Amino acid sequence: MKITYLDFEQPIAQLEAKIESLRSSHDDHDNLDISKELTALEKKSKKLSEDIYGNLTAWQISQMARHPQRPYTLDYIQALFTDFEELHGDRAFSDDPAIVGGIARFEGQPVMVIGHQKGRDIKERQYRNFGMPRPEGYRKALRLFRLAEKFNIPIVTFIDTPGAYPGIGAEERGQSEAIARNLYVMAELKTPIIGVIIGEGGSGGALALGVVDQLLMLQYGTYSVISPEGCASILYKSADKASVAAEALAITADKLKTLGLIDKIVPEPMGGAHRAPEEMMASLKVALKEELTRFKSKSIKTLLVSRYERLMSYGKFKEVAEK
Amino acid sequence: MGWLNKLPQKIQRVVGADKKTVPEGLWSKCSSCQSVLYRKDLEDNAEVCPKCGYHNRIGARARLAQLLDAEGQFEIGANVQPIDPLKFKDSKSYAERIKESQKSVNEKDALIVMQGSIKSVPAVVAVFEFKFMGGSMGSVVGERFARGVQTAIDNKMAFICISASGGARMQEGLLSLMQMAKTSAALTQLSKAGLPYISVLTDPTMGGVSASFAMLGDVIVAEPQALIGFAGPRVIEQTVRETLPDGFQRAEFLLEHGAIDLIIDRREMRNRLASLLANLMRLPAVA
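Cut-offs used in this document
Residues numbered from 1 in each chain as written. Chains lettered and ligands numbered in written order. Predicted model: local features only at pLDDT ≥ 70, side-chain atom pairs only at ≥ 80, totals over all residues. Heavy atoms only, no water. Salt bridge = Lys/Arg side-chain N within 4 Å of Asp/Glu carboxyl O. Buried < 20%, exposed > 50% of the residue type's maximum accessible area, 1.4 Å probe, protein only. Contact = heavy atoms within 4.5 Å. Buried area = accessible area lost by both parts, 1.4 Å probe. Polar contact = N/O pair within 3.5 Å; in protein donor to acceptor, adjacent residues only side chain to side chain. Helix = DSSP H or I, 4+ residues; strand = E, 2+ residues; numbered from the N terminus. Nonpolar A, V, L, I, M, F, W, Y, C, P; charged D, E, K, R; others polar. Pairing = 2+ DSSP bridges. 1 Å grid on protein atoms, 1.4 Å probe; cavity = no way out; pocket = protein on both sides within 12 Å on 5 of 7 lines; lining within 4 Å. Points joined across faces, edges and corners; volume = space filled by probe spheres on them.

A. Representation of the pattern of salt bridges. All names here are of chain B. Counted under the stated rule, the structure contains 42 salt bridges over all chains. For aspartate 265, the salt bridge is made with arginine 267, and the minimal N-O distance between the two is 2.9 Å. By relative accessible area, aspartate 265 is classed as buried at 18%. By relative accessible area, which is 38% here, arginine 267 ends up partly exposed.

Written out as structure tokens, the structure is:
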């Protein structure tokens, strides 16, 4: 697959193109020794990559989180789980392809996996509604949460959405209620829930799969109350200020870790998950295994107590002395 | 433009020449039916237009005064006050915005929580102050809400929340989003304690507030004509590129679509909430 480079990756793209052309021209004249030049160029490329990826701005990270070649939920499910059986529908209105879910095994252990799903090409993007769920999607997730609870199966959610879909039908069918109900039910669900932000964590639409016991976040994921563009157009009166808004909103993994809103950052391969998907899958597998093992020994009672305490601890404010 | 400016100006406006002086604030015009109303009549009518029934937005304290019995009110969480955890700055810093709102609205944040009673039925009532940064929900709103719910549980009382909010407060970033989870979680405990939660939606109830506790009421009430929804009408219009149906996201529309239980006129709110609560809590009927 040809790699799509983002704007800020152009210097890397050019260098890599140069290396590639040198390599291919070498095939034609194999009596020429270019290994020295190649090594030098590769070294330079590595250094350039380290410089660029080591100093990404929040806005650049949001571009990475939305990269069209980034692995999506079904890619992770395929790589990390076996025996996946997708379960469809909310039993009331329809099946929303923007959320996928089903029962699978993780290293032999039955697990319920649920996640937002984006599309790869134009047709699939439309079919998946760009990963923006309608109420049916959240209600399907809710049904699967309950199913997992009933059979005492842990849940893994994959979060990757620009947000819940702002459409007429979605409003008519109770988008707000669908999200709210998930928050409520996840808060008291009697089975462990582990969440992974694999791409974009877009506001309430992400949170509706994000009330969890442990929240992992990929290095180049984002999680935000509003998209940088949305915030920019409201507060800065210009969508061009998205990069400023991205910085101000503190949407990146390191900032959120400092704020105590996520538990663990899963490092990505150089250049992002899409540059070396197998490597990404392998490191996420290790992280997930650790979490799932940890929750095995916890009683449901202690699990619910610590989940509630965790939820109640969210927020930063001051307490002044009573008058 | 040229020729327009050259037209002889026959009718000229003389500033201040023909205006009768009316004392400030004695009269007001209904923004719905345009009737000119005596300010005092409007106040006596719970800020509902006596001519057309239009519900004007009202402040949190005025709302509490309308609903609660005068005796035995205790405010909850007043000592919980906002900070600027992200050092957020757009055209102004969040710290400045907080200060300005606190000064102009005379409240410390956008949610006021009061323990009291409605026609002798004990309840904790949380009310949004829309004037405080659009009633947006940040850490203080979430914490006061949670403390209100806990007080209701501790005292075996009902909990009521009267929403008027644009949604989550952007200036606190993800901390605001998490208040959706926090408030919703608090309600699971109220429910476990077998205590009723009535959610009253007033104009407007949007975004993160609508998509959390506001839609989780055992009974969900709305005021007439209140705008209630997840996404704002403009965002939807830009996304779907269609004209929105008449009355879209209004209380009546939600009632028709099965999203809320009932619509109550503000002038009847106190009586009917008291009666609903008494019924749910199997207390003697309220007089």
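B. How the structure looks around the interface of chain B and chain A. Contact with chain B, which involves 56 residues of that partner, is made by 46 residues of chain A. Here chain B and chain A share an interface that buries about 4500 Å² over both sides, 72% of which is from carbon and sulfur atoms. Area buried by chain B at its contact with chain A is led by Met170(B), Leu174(B) and Phe230(B), which between them contribute 15% of it. On the surface where chain B and chain A come into contact, there are one salt bridge. The salt bridge partner of Arg147(B) is Glu319(A), with a shortest N-O separation of 3.1 Å. Across the chain B-chain A interface, the total number found is 16 residue pairs in polar contact (both at pLDDT 80 or more). When contributions to the side of chain B that touches chain A are tallied by element, the ones reaching two or more residues are β4 (80–82), α5 (139–154), α6 (174–192) and α8 (233–240) of chain B. Broken down by element, the residue count for the side of chain B that touches chain A peaks at 16 residues, all from α6(B). Taken together, the residues of the side of chain B that touches chain A sort by class into 31 nonpolar, 18 polar and seven charged. In this structure, strand β9 (residues 317–319) of chain A lies alongside β4(B), joined through three bridges in antiparallel fashion.

C. A look at empty space enclosed by the protein. The tally for this structure, following the rule as stated, stands at two cavities of 30 Å³ or more. Approximately 90 Å³ is the volume attributed to the largest cavity. For the largest cavity, the lining is made up of 14 residues, of which Glu171(A), Gly174(A), Ile228(B), Gly229(B) and Leu254(B) are closest to its centre. Of all elements in the fold, only α8 (175–188) of chain A together with β10 (228–229) and α9 (251–256) of chain B reach the threshold of two or more residues within the lining of the largest cavity. If you tally residues by element for the lining of the largest cavity, the top one is α8(A), at three residues.

D. Here's a closer look at the environment of Lys285(A). Residue and element names in this part refer to chain A. Counting through the fold element by element, lysine 285 comes out in helix α13 (residues 277–296). Counting along the chain gives 178 residues from lysine 285 to glutamate 107, while the straight-line C-alpha distance between them is 9.4 Å. Ignoring sequence-local partners within four residues, the contact set of lysine 285 consists of Leu80, Phe106 and Glu107.

E. Region of interest: the environment of Ile160(B). Residues and elements named next belong to chain B. One can find isoleucine 160 in strand β7 (residues 158–165). The exposure class of isoleucine 160 is buried, given its relative accessible area of 0%. Residues isoleucine 160 and glycine 217, 57 residues apart in the sequence, show an inter-C-alpha distance of 8.7 Å. Setting aside anything within four residues of it in sequence, one finds isoleucine 160 in contact with Ile118, Val124, Val125, Ala126, Ile198, Val200, Leu273 and Leu277.

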